[in-house]
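Here are the chains, one letter per residue:
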Amino acid sequence: MKLLFDESIPRQLGAHFSDRFEIQTAQQMGWAGSKNGDLLRLAASHGFNALITADQGIEYQQNLEDLPIPVVVMIASRTRIQELQPLVHRVVDVVTGNMQKRVYRVTE
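These numbers were taken from a predicted model, which means no experiment stands behind them. Within each chain, residues carry numbers counting from 1 in the order of the written sequence. Reporting in this predicted model follows two pLDDT cut-offs: at least 70 for local features of residues, and 80 or more for side-chain atom pairs to be given and counted; totals over whole chains, interfaces and linings ignore these cut-offs and use all residues. Think of the side-chain values as coming from all heavy atoms in the structure, minus any hydrogens and water.

Student: An account of the nonpolar core is needed here, citing residue identities and associated values.
Tutor: What is meant by a nonpolar core is a set of buried Ala, Val, Leu, Ile, Met, Phe, Trp, Tyr and Cys residues, joined one to another through side-chain atoms within 4.5 Å. Burial status follows relative accessibility: with a 1.4 Å probe on protein chains alone, a residue under 20% of its type maximum counts as buried, one over 50% as exposed, and anything between as partly exposed. In terms of nonpolar packing, the biggest core is built from 22 residues, with F17, I52, M74 and V95 touching the most fellow members. Counting from the N terminus, the helices are DSSP H or I runs at least four residues long and the strands are E runs at least two residues long. Among the secondary structure elements, those contributing two or more residues to this core are β1 (2-5), β3 (50-53), β4 (71-74), α4 (88-96) and β5 (103-106). Apart from residues lying up to four places away in sequence, V95 is in contact with M1, L3, F21, A50, I52 and V72. Counting 15 residues, the second-largest nonpolar core is a separate cluster that includes A26, I58, I69 and V71. Every residue pair with non-hydrogen atoms within 4.5 Å of one another is taken to be in contact.

Student: Can you explain the sheet that holds β3? Please cite residues and give values.
Tutor: In this analysis, strands are considered paired if DSSP registers two or more bridges between them. Strand order across the open sheet formed by 5 strands is β2-β1-β3-β4-β5, with parallel pairing between neighbours. Unpaired on one side and paired on the other, β2 (22-25) and β5 mark the two borders of the sheet. Looking at each pair of strands side by side, their axes are set apart by 25 degrees on average, direction ignored. Here β1 pairs with β3 via 3 bridges, running parallel. Looking across to β3, one finds that L4 is bridged to L51. Each axis is a line fitted through C-alpha atoms, and for a helix only the stretch in contact is used; angles between axes span 0 to 180 degrees, taken between their N-to-C directions.

Student: So what's going on with α4? Residues and values would help.
Tutor: The set of residues buried in α4 consists of V88, V91, V92, V94 and V95. Projected down its long axis, α4 shows its buried positions confined to an angular sector of 165 degrees, all on one face. Turning to α4, the residues buried within the fold contact β1, β3, β4, α3 (81-84) and β5. The arc in question is traced by the directions running from the helix axis to the C-beta atoms.

Student: Please provide a residue-by-residue account of the packing of aromatic side chains, values included.
Tutor: We call Phe, Tyr and Trp rings a pair once their centres come within 6.5 Å, taking the six-membered ring for Trp, and we label the pair stacked below 30 degrees between planes, edge-to-face above 60, and tilted otherwise. In total, this model carries 3 aromatic pairs according to the counting rule given. For the ring pair W31 and F48, a centre distance of 6.1 Å and an interplane angle of 75 degrees mean the geometry is edge-to-face. Taken together, the positions of W31 in the loop between β2 and α1 (36-45) and F48 in the loop between α1 and β3 put the pair 17 residues apart, joining distant regions of the chain. The exposure classification of W31 matches that of F48, with both residues buried. Of the aromatic side chains, those joined through ring pairs into one cluster are F5, F17 and F21. Here, a charge over a ring means that NZ of Lys or CZ of Arg falls within 6 Å of the ring centre while also lying within 35 degrees of the ring normal. The aromatic ring of F48 is capped on one face by K2, whose charged end is 4.5 Å from the ring centroid.

Student: Which residues make up the pattern of salt bridges, and what values go with them?
Tutor: Note on definitions: salt bridges are taken to be side-chain nitrogens of Lys or Arg within 4 Å of carboxyl oxygens of Asp or Glu. Overall, the coordinates contain 3 salt bridges when judged by the stated rule. For R78, the salt bridge is made with E83, and the minimal N-O distance between the two is 4.0 Å. Overall, E83 belongs to the buried group, its relative accessible area being 18%. In this structure, R80 engages E83 in a salt bridge whose closest nitrogen and oxygen atoms are separated by 3.2 Å. Ionic contacts of the salt-bridge type, sharing partners, join the residues R78, R80 and E83 into one network.

Written out as structure tokens, the structure reads:
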């Protein structure tokens, strides 16, 4: 399963996901600085199954009925590994479940 981390998610968080996930960052793909709508379209066109972000505003910035792929928003006090790592198991539950093209919010 291919997951794309946007710029708000530290690249190192990928080490906390199992090997069954292929994780790339927006920076690695050359998409740094892309607006959320453009990033979602690029991710979908390159076969990503979901966008992982810490941007809590994304659901208010996008037309949720036209999302090209699901979005998982990790909600933590900060976007450091220490705060995000405990949420990884919840992200995995979402992306391995019956995912729809909508925004999922994961928190402690």
